[in-house]
Amino acid sequence: MTNPLYDTLFGRYAGKTTPFLHLADGSTVTHDDFLCLAAQYAHVFRDAGIKPGDRLAVQIEKSPQALAIYAACVQSGIVFLPLNTAYTATEISYFVENSSAKILVCDSANETALTPITQAAGALLETLDADGFGTLSAQAETMPNSFPTVSRKQDDLAAFLYTSGTTGRSKGAMLSQQNLLSNAETLVDYWKFTDQDVLLHALPIFHTHGLFVATNVTLLAGGSMIFMPRFNLDQVIEQLPHATTMMGVPTFYTRLLGDERFTKSLTQHMRLFISGSAPLLADTHIQFEDRTGLRILERYGMTETNMNTSNPYGGERRAGTVGLPLPGVELKITDAATGDTLPDGEIGQIEVRGPNVFQGYWQMPGKTAEELRADGFFITGDLGVIDKDGYVQIVGRNKDLIISGGYNIYPKEVELVLDDQPGVLESAVVGVPHPDFGETVVGFLVASDEAGPDLDAISKTVGDSLARFKHPKKLIVLPELPRNTMGKVQKNLLRKDYAQLFTKP
Ligand code: MLC
Ligand code: AMP
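**Student:** Sorry, what's going on with the nonpolar core here?
**Tutor:** Considering soluble globular proteins, one finds that nonpolar side chains tend to be buried as a cluster. In terms of nonpolar packing, the biggest core is built from 110 residues, with Ile69, Tyr70 and Met246 touching the most fellow members. The leading source of residues in this core is helix H3 (residues 64–76), at nine residues. Three or more residues apiece are contributed to this core by two domains, here domain 1 (4–11 + 28–152) and domain 2 (190–397). Filtering out sequence-adjacent residues up to four positions away, Ile69 remains in contact with Tyr41, Phe45, Leu56, Val58, Ile60, Phe80, Val105, Leu128 and Leu136.

And the structure:
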């Protein structure tokens, strides 16, 4: 094969007018339309001097055109680097610089703010808006609609996805063609996807879940997707009758259950509902079954590893567990101090190994060595236990991470911003339960002087530098932070004392 990922996911559809994307306006993008568009983008990138192995960053709204850039990168051997649309210019600056991206494609609304960043980094800037128009499309229109696929090996890199880090600095997880392809092949088989499937796609396409799990699985199986710009409850309920499957974060399912239009008759034709990216409460699982008669299939993955475990398709889908290791994925529970494997039934850190596990963090050999063992096992930072039937349960995290509505937030990144504010001596950021987002961010501040911090001014500054989903939903001033005898802040006490901040009736 010239290019395993391109040939397997995309190239085989050349000339095929089968449906790929169903859009809100009732139109359909066929596989061939999609490939032609991708080829035109690939020409633009090649003519601009972007070479195989170079990074191409995108921060654009979800659209068929945005997805075609992913295909164009795979076809031309460029490393695809998608970025959350919520990131501020300050955040984008770090990603462009750290990855030494050769080009950034952004929404024209952000062009002015991002131009100084690409200029400083010596990168090109093109625009692509949600409606498909922009400087990139204008050039693409004049290009041939086929492109000679660039030869790639399975170990060559296909994508960089940045994951936030404990120190506040995000790390670029390097994913190879084989990482993506092997996982897609496993999932199609495990979840029994076919060309008859129509996946309701309401996830963003800048993270593993919406980009690789949903899209690669659909492409490999030959099915189609109802491609929605975002999760909108009314539109999801309207489109469900046309779908066979849906993938979502737990917030999707709690929002659906909160709506009385979400009934058994609306869902009885559905083959499969999948949940992941954050813990699905056993209670949500049970409520879902009571309402629909169907059991959500929960699986567990990460940016660095794609999918690791899944509840079975045919066997028991056990509430509160993430199921069994996927075929080809080894999973063990280890002692954090010694690295020794623990017997089933004991809680420890989850480690995984397999063709799905990434190639390391871009230009961070130290971080890579801390988390990826020489024998190929990746230390996930999640804490879990394996029961007597082999089901894995995630019981916590030994990384200081908050997952809000499926987005990850490392407290350190928010604390660094808060600590810098006038009137703030120090801060501590924790996650507390939230009825909609599962968990949400709360910031605790200690005043540095009599006057104390100006909370409104701080909220504004945080807004300028951090994406909205990372903002503390509440800032609380305390006389001091709780500390243990070693002087370490006891975040567990803050979590406990404020556990009902958002959930008290
Ligand atoms: C939006 N907001 C959030 C938020 N999403 N705040 C905290 N956490 C979030 N996840 C902010 C908005 O900016 C807004 O702020 C306010 O909350 C209310 O917005 P909303 O309209 O209710 O939010 P909505 O647009 O509906 O988005 C919620 C959501 C979305 C859950 C639909 O966040 C989403 O699609 N999440 C999916 C994330 C995902 O794909 N994760 C996969 C990662 S891959 P304000 O202040 O303006 O009111 C991975 C690996 C794996 O983890 O295993 O899959
Ligand atoms: P990310 O870095 O965005 O890829 O997030 C990966 C993290 O999401 C994992 O390390 C887990 O902590 C969490 N996660 C993913 N799926 C699940 C799940 N089904 N249950 C609990 N946590 C999950």
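**Student:** Would you explain the domain arrangement of the protein chain in this entry?
**Tutor:** For an interface, size is often stated in terms of accessible area lost upon the parts coming together. What the domain assignment lists for the protein chain is domain 1 (4–11 + 28–152), domain 2 (190–397) and domain 3 (401–497). Centre-to-centre separation of domain 1 and domain 2, based on C-alpha positions: 27 Å. Counting residues at the interface gives 21 residues for domain 1, matched by 22 residues for domain 2. Between domain 1 and domain 2, the buried area comes to about 1,700 Å², and carbon and sulfur atoms account for 68% of it. Contact with domain 2 buries surface across domain 1, with Leu9, Lys62 and Leu67 losing the most and accounting together for 40% of the total. Seen at the junction of domain 1 and domain 2, the total is one salt bridge. Note that Glu61 and Arg230 form a salt bridge whose closest N and O atoms lie 3.4 Å from each other. For the pair domain 1 and domain 2, the number of links is six residue pairs in polar contact (both at pLDDT 80 or more).

**Student:** Sorry if this is basic, but what is going on with the pattern of salt bridges here?
**Tutor:** Oppositely charged side chains can pair when the atoms bearing their charge come close. Enumeration over the complete set of coordinates arrives at 25 salt bridges. Between Arg261 and Asp259 there is a salt bridge whose closest N-O contact spans 2.9 Å. Judged by relative accessible area, which is 11%, Asp259 ranks as buried. Put simply, Glu316, Arg318, Asp387, Lys388 and Asp389 are held in one network by salt bridges that share partners.

**Student:** What is the right way to look at the site of ligand 1 in this model?
**Tutor:** In the vicinity of ligand 1 there are 23 residues, among which Arg255, Ser277, Arg299, Ser404 and Arg468 approach most closely. Backbone polar atom of Gly406 to a nitrogen atom of ligand 1: 2.9 Å apart, as the coordinates give it. Contact with the protein chains covers 74% of the free accessible surface of ligand 1, which is 1,000 Å². Of all the secondary structure elements, the ones that give two or more residues to the shell around ligand 1 are helix H8 (208–221), helix H10 (250–257) and strand E13 (297–302). Considering only residue class, the shell around ligand 1 consists of 10 nonpolar, nine polar and four charged. Looking at the shell around ligand 1, you find at least three residues from each of domain 2 (190–397) and domain 3 (401–497).

**Student:** Which parts of the structure should I look at to understand the site of ligand 2?
**Tutor:** Within the structure, ligand 2 sits among 16 residues, and Arg299, Thr303, Asp382, Lys399 and Asn408 are positioned closest to it. At a separation of 2.6 Å, an oxygen atom of ligand 2 approaches a polar side-chain atom of Asp382. Side-chain polar atom of Lys399 to an oxygen atom of ligand 2: 2.7 Å apart, as the coordinates give it. Coverage of ligand 2 by the protein amounts to 91% of the 500 Å² it exposes when considered alone. Those elements that place two or more of their residues in the shell around ligand 2 are E13 and strand E19 (392–397). Among the elements that line the shell around ligand 2, the one with the most residues is E13, at five residues.

**Student:** Mind showing me how you'd approach the sheet that holds strand E17 (residues 348–353) here?
**Tutor:** Adjacent strands of a sheet form backbone hydrogen bonds with each other and so pair up, either parallel or antiparallel. Strand order across the open sheet formed by four strands is E16-E17-E18-E19, with antiparallel pairing between neighbours. Where the open sheet ends on each side, the last strands, each with one partner, are strand E16 (330–334) and E19. Direction aside, neighbouring strands of the sheet carry axes that sit 50° apart on average. When E17 meets strand E18 (residues 378–386), the two strands line up antiparallel, connected through four bridges.

**Student:** What am I meant to see in the sheet that holds strand E22 (residues 424–434) here?
**Tutor:** Spatial ordering of the open sheet is given by E22-E23-E24, a layout of three strands whose pairing is mixed. Lying at the two open borders of the sheet, with one neighbouring strand each, are E22 and strand E24 (474–478). Between one strand axis and the next, the sheet turns through 25° on average, direction left out of account. Pairing geometry for strand E23 (residues 438–447) and E24, over five bridges, is parallel.

**Student:** Teacher, can you tell me more about the pairing of strand E10 (residues 224–227) here?
**Tutor:** Within a regular beta strand, the side chains point alternately toward one face of the sheet and then the other, so they alternate between its two faces. Covered by surrounding structure in E10 are Ser224 and Ile226 together with Met225 and Phe227, the residues of both alternating faces. Bridging between strand E1 (residues 19–22) and E10 involves two bridges; their strand directions are parallel. Paired with His22 across the strands is Ile226, a residue of E10. Sheet topology note: the strand E9 (residues 198–201)/E10 ladder contains four bridges and is parallel. Bridge pairing in E10 links His201 to Phe227. After leaving E9, the chain enters H8 and then returns to the sheet as E10, a path that is right-handed.

**Student:** Explain helix H12 (residues 282–292) here, please?
**Tutor:** Each α-helix winds once per 3.6 residues, and so residues spaced three or four apart point in a common direction. Those residues of H12 that fall on the buried side of the exposure criterion are Thr284, His285, Phe288 and Thr292. Projected down its long axis, H12 shows its buried positions confined to an angular sector of 100°, all on one face. For H12, the elements touching its buried residues are H10, helix H11 (264–267) and strand E12 (272–275).

Quick notes on the rules
The residue count restarts for each chain, going from 1 along the sequence in the order it is written. Think of it this way: whatever chain is written first is A, whatever ligand is written first is 1, and the rest follow in order. Only residues with pLDDT of at least 70 are given local features in this predicted model, and only at 80 or more are side-chain atom pairs given and counted; all residues enter the totals for whole chains, interfaces and linings. The basis for every side-chain value is the complete set of non-hydrogen atoms in the structure, without hydrogens or water. Nonpolar core, defined: a set of buried Ala, Val, Leu, Ile, Met, Phe, Trp, Tyr and Cys residues in which side-chain atoms within 4.5 Å join the residues together. Burial classes: relative accessible area under 20% of the type maximum marks a residue as buried, over 50% as exposed, and values in between as partly exposed (1.4 Å probe, protein chains only). Here a helix means four or more residues in a row that DSSP labels H or I, a strand means two or more in a row labelled E, and each is numbered from the N terminus. Note that the domain bounds reflect an automated or database-derived domain assignment. Note on contacts: a residue pair is in contact if any heavy atoms of the two residues lie within 4.5 Å. In this description, buried area is defined as the sum, over both parts, of the accessible area (probe of 1.4 Å) that is lost when the two are combined. Salt bridges, as used here, are contacts in which a Lys or Arg side-chain nitrogen is within 4 Å of a carboxyl oxygen on Asp or Glu. As used in this structure description, the phrase polar contact means that two N or O atoms lie within 3.5 Å; if the pair is within protein, one of them must be able to donate a hydrogen and the other to accept it, and residues adjacent in sequence are counted only when both atoms belong to side chains. By convention in these notes, a residue is near a molecule or strand provided one of its non-hydrogen atoms lies within 4 Å of it. Methods summary: accessible areas were calculated by the Shrake-Rupley approach with a probe of 1.4 Å, and residue burial reflects only the protein chains presented. Polarity classes work like this: nonpolar for Ala, Val, Leu, Ile, Met, Phe, Trp, Tyr, Cys and Pro, charged for Asp, Glu, Lys and Arg, and polar for all others, with Gly in that last group. A strand pair is defined by DSSP finding two or more bridges across the two strands. Here, axes are lines fitted to C-alpha atoms. For helices the fit covers the stretch in contact, and angles between N-to-C directions go from 0 to 180 degrees. A clockwise course of the path from the first strand over the helix to the second, judged with the strands pointing away from the viewer, identifies a crossover as right-handed. Here the arc refers to the directions that run from the helix axis out to each C-beta atom.

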